There are 2 protein chains.
Amino acid sequence: MSQLLRVQNFTVSLDGFGAGEGQSLERPFGHADPAELVSWAFPTASWPNRTDGGGTRGLDDYFTRDFHNNIGAEIMGAHKFSPHRGPWKDLDWQGWWGEEPPFHTPVFVMTHHLRPSFTLSDTTFHFTDADPASVLEAAKQAAQGKDVRLGGGATVIREFLEADLVDTLHVAVAPVELGSGARLWKSPEELTDRFNLEVVPSPSGVTHHLFWKK
Amino acid sequence: MSQLLRVQNFTVSLDGFGAGEGQSLERPFGHADPAELVSWAFPTASWPNRTDGGGTRGLDDYFTRDFHNNIGAEIMGAHKFSPHRGPWKDLDWQGWWGEEPPFHTPVFVMTHHLRPSFTLSDTTFHFTDADPASVLEAAKQAAQGKDVRLGGGATVIREFLEADLVDTLHVAVAPVELGSGARLWKSPEELTDRFNLEVVPSPSGVTHHLFWKK
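Residues numbered from 1 in each chain as written. Chains lettered and ligands numbered in written order. Predicted model: local features only at pLDDT ≥ 70, side-chain atom pairs only at ≥ 80, totals over all residues. Heavy atoms only, no water.

The name that an unreviewed UniProt entry assigns to chain A is Dihydrofolate reductase family protein, with the source organism given as Glycomyces tritici.

What follows is the structure, encoded as structure tokens:
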């Protein structure tokens with residue numbers, strides 16, 4: 001089976017925004033409240049940051065459970081990695097995730113401001129200013145036969161969609177409105193010319209949107 | 001995290017039967033038509049017997065995709081392994097699955113008619129007449145820290161439920177009636193005293209029932 005590029009567990013507001021405006025160190029999702037936007041994922045047993053062994057194992061857990069399933073690398077945008085803008089003043093920043101990032105694979109950060117690769121636990125971050133197709137090629141190589149996760153944010157996902165490089169998308173639509181921010185879409189229907197779509201409401205209140213290439 | 005005992009992708013009829021009556025070599029599901037009962041799973045990209053690289057990647061695929069996810073062993077009943085009844089006349093029968101069984105782990109077959117273990121590709125079948133708790137202990141040992149799948153049929157699942165050894169169940173209810181056969185339940189509500197339950201209708205026509213221990 002060929003290697004897929006998969007968007008997983010990416011959450012947007014009812015009005016299509018993956019994050020709010022004004023990202024900062026204190027507010028990684030800008031004016032959006034992550035506790036509200038991503039609240040569907042936190043209670044699940046397979047939420048990557050969970051350490052207590054509990055949690056729900058219903059529908060939402062199938063999605064968080066799939067986060068690592070056959071994934072060998074991640075591609076992310078500069079704003080998922082960091083609140084910084086412009087050239088690095090120093091290299092102290094190593095991502096939002098502490099000493100044990102939840103990726104456990106190579107991660108390719110797309111940025112115009114390159115810096116040396118570094119490793120935290122079993123996650124290695126690489127920095128690249130190449131085009132989407134070239135970054136995907138490098139990520140597939142690094143994934144050693146497994147799939148590649150496209151981790152967002154919305155801008156990066158749109159770039160890969162425009163280049164027609166995405167094989168599957170799982171987008172959870174949360175029952176909140178943001179009004180402005182980083183937009184993934186105006187409507188999921190924008191993708192249905194190229195993708196099959198199943199819409200699955202969850203008891204938690206989000207609506208899972210599952211796309212795969214026609 | 002502790003090792004779970006998980007029922008996955010077990011399909012029953014609307015009236016609660018996992019298989020029909022009169023199992024034989026030609027009819028592994030007895031009078032039930034597997035093409036009708038399990039038709040939700042066949043089109044998915046992750047159906048274990050698929051070799052063509054195609055298939056759907058909607059909701060149903062999340063369930064077939066989870067079949068191998070963190071599973072280190074399977075426990076199955078004698079009738080899932082074979083249509084034979086009574087003592088083995090010879091040991092030619094090696095299961096329904098040919099030279100490449102879809103399990104890829106140790107499998108523990110619960111039977112009163114013991115025979116030596118054997119290996120096909122990367123699946124090893126062991127035969128045991130121990131009680132459910134002891135079989136689960138052996139399977140967890142063999143699973144080396146991963147979860148154990150309880151593969152069915154209905155009778156074996158009921159035994160493990162009665163012994164209160166099951167942690168999660170995914171049961172797909174197919175839109176067919178069988179009238180008789182191997183019964184899992186009269187109603188899913190029988191389990192809700194001990195399990196949380198989410199009921200998720202699929203576009204394919206089955207209704208996924210997701211149980212996890214309270």
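**A look at the overall build of chain A**
Helix and strand content of chain A: five helices and 11 strands. The C-alpha radius of gyration computed for chain A amounts to 16 Å, which stays within 12% of the reference 17 Å derived for 214 residues, consistent with globular compactness. A principal-axis box enclosing the C-alpha atoms of chain A has dimensions of 45 × 40 × 35 Å. Expressed as a percentage of its 214 residues, the buried residues of chain A come to 50%. Excluding contacts between residues fewer than 6 apart, the proportion of contacts in chain A whose partners are at least 24 apart in sequence is 64%. For chain A, the accessible surface area stands at approximately 9500 Å², while carbon and sulfur atoms represent 51% of it. (Helix = DSSP H or I, 4+ residues; strand = E, 2+ residues; numbered from the N terminus. Rg over C-alpha atoms; globule rule 2.2 N^0.38 Å. Buried < 20%, exposed > 50% of the residue type's maximum accessible area, 1.4 Å probe, protein only. Contact = heavy atoms within 4.5 Å. Areas by Shrake-Rupley, 256 points an atom, 1.4 Å probe, with all protein chains shown as cover.)

**Some details on the interface of chain A and chain B**
Taken together, the 22 residues of chain A in the interface contact 21 residues of chain B. For the chain A and chain B pair, buried surface summed over both sides reaches about 2100 Å², with 64% attributable to carbon and sulfur atoms. It is A:Arg57, A:Tyr62 and A:Trp212 in chain A that bury the most area against chain B; as a group they hold 31% of the surface buried on that side. Across the contact surface, chain A and chain B share two salt bridges. Put simply, A:Asp66 and B:Arg65 hold a salt bridge, and the shortest N to O gap is 2.6 Å. In this structure, the connection of chain A to chain B is made through six residue pairs in polar contact (both at pLDDT 80 or more). Only helix H2 (59-65), strand E8 (168-174), strand E10 (195-201) and strand E11 (207-213) of chain A provide two or more residues apiece to the side of chain A that touches chain B. (Buried area = accessible area lost by both parts, 1.4 Å probe. Salt bridge = Lys/Arg side-chain N within 4 Å of Asp/Glu carboxyl O. Polar contact = N/O pair within 3.5 Å; in protein donor to acceptor, adjacent residues only side chain to side chain.)

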